[in-house]
Amino acid sequence: MENWRLAVLCSHLRPTPASKSSSPVSSSNCGSSSQNGETSSCVFCEIIRGQSPALKIYEDDICLCILDTHPLSHGHSLIIPKSHFSSLEATPPPVVAAMCSKVPFIGNAIMKATGCDSFNLLVNNGAAAGQVIFHTHIHIIPRKARDCLWTSEPAKTDIKAGPRSFAARRQCPGTALVLEQP
């Protein structure tokens, strides 16, 4: 089932002929040290260097897009720069621009592949904001109406009731998106 999902997603992300590499992640210029000289042994650098597995859905000279290994919804993806930058403010504006310029293309392909009609774009920048991997990355999280992904949203069965009680929010499943095979 996962292979089918990845094939559908990749078919929407690769409108041009497939690349020459058959590896799910190719090597790149992400070295063993960051732009500011710090040692960079993060999981994203390992993925970029081809030392850790990942399901690649897009790649160019500047960035790589992979499926999140702990998705909030089916198709949850991460756009990461191929060079190591620990935070958004440490990332040069041209790199941020290159990453952001891919969002419409990748986001539309993800929505088409998952049957969603929306997505959240999210950056957790810094520990207080929930950043866990200190290598700049952008989350693309596919969404459907009333999927209960965030507890501040109305429950599927409580659309007209307005704000929900704490008990109702607790009952909302964290990953309500389900991609069914046609």
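Above this note sits the structure.
Below, the structure is looked at part by part. (Residues numbered from 1 in each chain as written. Predicted model: local features only at pLDDT ≥ 70, side-chain atom pairs only at ≥ 80, totals over all residues. Heavy atoms only, no water.)

1. Description of the pairing of strand S2 (residues 63-67)
At step 1: With 5 of its 5 residues buried, S2 lies for the most part within the structure.
At step 2: Side chains Cys63, Cys65 and Leu67 of S2 all project onto a buried face; the interleaved residues Leu64 and Ile66 project onto the opposite face, where all are buried too.
At step 3: Two elements, strand S1 (residues 56-59) and S2, share 3 bridges in a ladder whose sense is antiparallel. Bridge pairing in S2 links Glu59 to Leu64.
At step 4: Of the strand pairs in this sheet, S2 and strand S3 (residues 77-81) are connected by 5 bridges, and their pairing is antiparallel. If you follow Cys63 over to S3, its bridge partner there is Pro81. (Buried < 20%, exposed > 50% of the residue type's maximum accessible area, 1.4 Å probe, protein only. Helix = DSSP H or I, 4+ residues; strand = E, 2+ residues; numbered from the N terminus. Pairing = 2+ DSSP bridges.)

2. A short note on the pattern of salt bridges
At step 1: Under the definition given, this model contains 4 salt bridges.
At step 2: The closest approach of N and O atoms between Lys82 and Glu59, which form a salt bridge, is 2.7 Å. Residue Lys82 is located in the loop between S3 and helix H3 (93-101), and its partner Glu59 is located in strand S1; the two are separated by 23 residues in the primary sequence.
At step 3: For Glu59, a relative accessible area of 23% corresponds to the partly exposed category.
At step 4: The closest approach of N and O atoms between Arg143 and Asp147, which form a salt bridge, is 2.7 Å. (Salt bridge = Lys/Arg side-chain N within 4 Å of Asp/Glu carboxyl O.)

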